[in-house]
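# Architecture and fold: a report
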Amino acid sequence: MSNETKIMKTIYKLSLVILFSFWTFSCNVLDQVSPNDVENGNVFTSTAGAQSALIGLYSSLQARDYYGGYFPMLADLYSDVSVGGGFDNIALNEISDQTITPANIFLQNTYLALYYTVATANNIIEGVELVKDPTFTAEIKNSIKGQALAIRALAHFDALRMFGQHWNNGSFFGVPIVLSVQTATDIVPRSTVAQSYTAIIKDLQDALPLLDAADKSKQFVTAYAVESLLARVFLYHQDMTNALQSATNVIDANAYEMLDENNFSTIYTGRLTSESIFELSFDVQNRSSFNILTYSRDDALRTEILWLAEESLNTFFTNRPGDARAALVDFDPANNDSGIIPDGRSQKYRGEETRNNPAYILRLAELHLIRAEAYGFTQEGIDELNVIRSNRGLANYQLSDFGSKNEYIDAVMDERKAEFNFEGHRMFDLARVNKTALSIFPFPQREITASQDILAQNPGY
């Protein structure tokens, strides 16, 4: 581990809670106050100041409306794995009932959280060029800048998945790509989908050589995490050749290891397992929202839980006898209040006392499933599916089990559904392979109004 990484981790542990408390919102996404906005000239004058700014960037990822809980849960709610629970929240019911409007407050707050992260990253990318501290070595500078570039790419990509037609490279409806520090009066128009992907991929490719290729940290962005995210982005971009190559680069490095059917659940009961590539950590002083949103407590009522496991997920796992992942959703009437049944609860985010559940951003299992999809209906693709199945208690597939390419893609999607339910992939997966008509959220109306209608609304809204 490099010296600057050790320093950064120490500062991170001591300062994260304090910095997290400065999180604020306003109506216009470009009118956000980043934790790095206390006069860039003051923050970016020393090594410690630049490292503190990076801490603020990770803090923005942890926000409740981003990877602190709401972003992945909203995406799953707009699919066939989750259903709205309690409080009779009108804005949440809109999403659960798939009658969402552009005025939805959950979408607005998530949009703001995404672009707050972009704004924070931009401050760092520009700010590190100002540091004159003699201890601010090229290695430290590159590490900080590389992480900021990668996180900016992640936020733009997440915005594209949620608010853009990410499955259609020829579409006008991409997202605003913000690559410099903005003022409150600046208006950034939507880029096309192709332009959005170009910017996202460039940031990741620029970040890769700046990061220590040997660093295996899991709580921070590493070269392995960047390569893994590139694999995901290339897959969505339908660039199967590069998706396969990036996934293979990480898998063949042997830096991570699949857990078998008897141990894979430690992904959720433990922390930073051998399958984790990038896992956003929380602790008892800086809690995520995952437990309270999806489980709450043993005798919780339906009205206490916002995201429940949809009844059809029970049917899905019933039809997959032997799948150890079925134990991660609970539909048993003996364990759930009668108001919850016939729906159930995810078991992925337990720990009612600590509520320090991580956000699982990149895992090794996803890379094998990316390769399965990128290889297509071939023996190589089947082999990748079987890496997952054999480690989750299921029998291996044979090529002869499938009568067509479509049947094979359905099997890949089923493995992704079994593996990643309640981790924020399902809506995007269905849209990517054209398996749903509900493929995109509306662009927040307040952003359209603030842009003086320069930002166009998505079709259908």
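Residues numbered from 1 in each chain as written. Predicted model: local features only at pLDDT ≥ 70, side-chain atom pairs only at ≥ 80, totals over all residues. Heavy atoms only, no water.

### Description of the overall build of the protein
Scanning the protein for helices and strands turns up 18 helices and six strands. Taken over the C-alpha trace, the protein has a radius of gyration of 21 Å; the compact-globule value for 461 residues is 23 Å, and the two agree within 12%. Principal-axis analysis of the C-alpha atoms places the extent of the protein at approximately 60 × 50 × 45 Å. Taken across its 461 residues, the protein has 59% of its residues classed as buried. Put simply, 72% of the contacts in the protein that link residues at least 6 apart link residues at least 24 apart. Accessible area of the protein: about 17300 Å², with a carbon and sulfur share of 51%. (Helix = DSSP H or I, 4+ residues; strand = E, 2+ residues; numbered from the N terminus. Rg over C-alpha atoms; globule rule 2.2 N^0.38 Å. Buried < 20%, exposed > 50% of the residue type's maximum accessible area, 1.4 Å probe, protein only. Contact = heavy atoms within 4.5 Å. Areas by Shrake-Rupley, 256 points an atom, 1.4 Å probe, with all protein chains shown as cover.)

### Description of the confidence of the model for the protein
Taken as a whole, the protein shows an average pLDDT of 90; of its residues, 91% reach a score of 70 or greater. Contacts of residues 1-39 to residues separated by more than four positions or lying in other chains number 92 contacts, the stretch itself having pLDDT below 50. (pLDDT = per-residue confidence, 0-100.)

### As for the packing of helix α14 (residues 364-375) against helix α15 (residues 379-390)
At a closest axis distance of 7 Å, the pairing of α14 and α15 adopts a crossing angle of 160°. The angle between the axes of α14 and α15 places the two elements in the roughly antiparallel class. Relative to α15, the crossing made by α14 is left-handed. Residues Ala365, His368, Leu369, Arg371, Ala372 and Tyr375 of α14 form the contact with α15, whose participating residues are Glu380, Gly381, Glu384, Leu385, Val387 and Ile388. (Axes fitted to C-alpha atoms, helices over the stretch in contact; angles between N-to-C directions. Parallel < 35°, antiparallel > 145°, perpendicular 65-115°, else oblique. Left-handed = near helix turned anticlockwise from the far one by under 90°.)

### Some details on the packing of aromatic side chains
Each aromatic ring pair is summarised here by two numbers: the centre-to-centre distance and the angle between the ring planes. Evaluation of the coordinates by the stated rule reveals 23 aromatic pairs. Seen from their ring centres, Tyr397 and Phe402 are 4.8 Å apart, and the 65° between their planes marks the pair as edge-to-face. Looking at Tyr397, the relative accessible area reads 17%, which means it is buried. Exposure remark for Phe402: the relative accessible area of 10% places this residue in the buried category. Here the aromatic rings of Phe402 and Tyr408 are separated by 5.8 Å at their centres, their planes lie at 85°, and the arrangement is edge-to-face. Like Tyr408, Phe402 is buried. These aromatic residues form a ring-pair network of at least three members: Tyr66, Tyr67, Phe71 and Phe428. Positioned above the aromatic ring of Tyr397 is the side chain of Arg389, whose terminal nitrogen or guanidinium carbon lies 3.8 Å from the ring centre. A cation over an aromatic ring shows up here: Arg432 above the ring of Tyr236, its NZ or CZ 4.8 Å from the ring centre. (Phe/Tyr/Trp six-rings, centres within 6.5 Å; stacked < 30°, edge-to-face > 60°. Lys NZ or Arg CZ within 6 Å of the ring centre and 35° of its normal.)

### Quick look at the environment of Glu304
Along the polypeptide, Glu304 turns up in the loop between α12 (290-294) and β3 (307-309). The partly exposed category is assigned to Glu304, whose relative accessible area is 21%. Measuring from C-alpha to C-alpha, the distance between Glu304 and Gly86 comes to 5.5 Å, with 218 residues separating the pair along the chain. Within polar-contact distance, the side chain of Glu304 engages the side chain of Arg297 at 2.6 Å. Within the structure, the side chain of Glu304 is placed 2.8 Å from the backbone nitrogen of Leu301, a separation counted as a polar contact. (Polar contact = N/O pair within 3.5 Å; in protein donor to acceptor, adjacent residues only side chain to side chain.)

### A word on the packing of helix α7 (residues 138-163) against helix α8 (residues 193-207)
Pairs of packed helices are described in terms of their axes, by the angle between the two and the distance that separates them. Closest axis-to-axis distance for the α7/α8 pair is 8 Å, and the angle between their directions is 155°. Judged by the inter-axis angle, α7 sits roughly antiparallel to α8. Considering the relative orientation of α7 and α8, their crossing is left-handed. The segment α7 lies against α8, with Gly146, Leu149, Ala150, Arg152, Ala153, His156, Phe157 and Leu160 engaging Ser196, Tyr197, Ile200, Asp203, Leu204, Asp206 and Ala207. Of the residues that constitute the contact of α7 with α8, the class distribution is nine nonpolar, three polar and three charged. (Nonpolar A, V, L, I, M, F, W, Y, C, P; charged D, E, K, R; others polar.)

### Quick word on helix α10 (residues 240-251)
An ideal rise of 1.5 Å per residue puts 16 Å on 12 residues; α10 measures up with 16 Å between its terminal C-alpha atoms. Where α10 is concerned, the buried positions are Ala243, Leu244, Ser246, Ala247, Thr248, Val250 and Ile251. Contacts from the buried residues of α10 go to α9 (223-236), β2 (276-280) and α14. (Expected span 1.5 Å × (residues − 1).)

### A short note on the pattern of salt bridges
Evaluated as defined, the whole model comprises 31 salt bridges. Among the salt bridges present, the one from Asp298 reaches Arg350, with a minimum N-O distance of 3.1 Å. Here Arg350 lies in the loop between β5 (345-346) and β6 (359-363) and Asp298 lies in the loop between α12 and β3, a separation of 52 residues in the sequence. Residue classification places Asp298 among the exposed residues on the basis of a relative accessible area of 51%. Of the charged contacts in the structure, one is a salt bridge between Arg432 and Asp429, with a shortest N-O distance of 2.7 Å. Of the two residues, Arg432 and Asp429 both sit in helix α17 (residues 426-432), three residues apart, roughly one turn of that helix. What makes Asp429 buried here is its relative accessible area of 1%. One network of salt bridges, in which partners are shared, links Glu275, Arg320, Asp323, Arg325, Lys348, Arg363, Arg389, Arg392, Glu415, Glu419 and Glu423. (Salt bridge = Lys/Arg side-chain N within 4 Å of Asp/Glu carboxyl O.)

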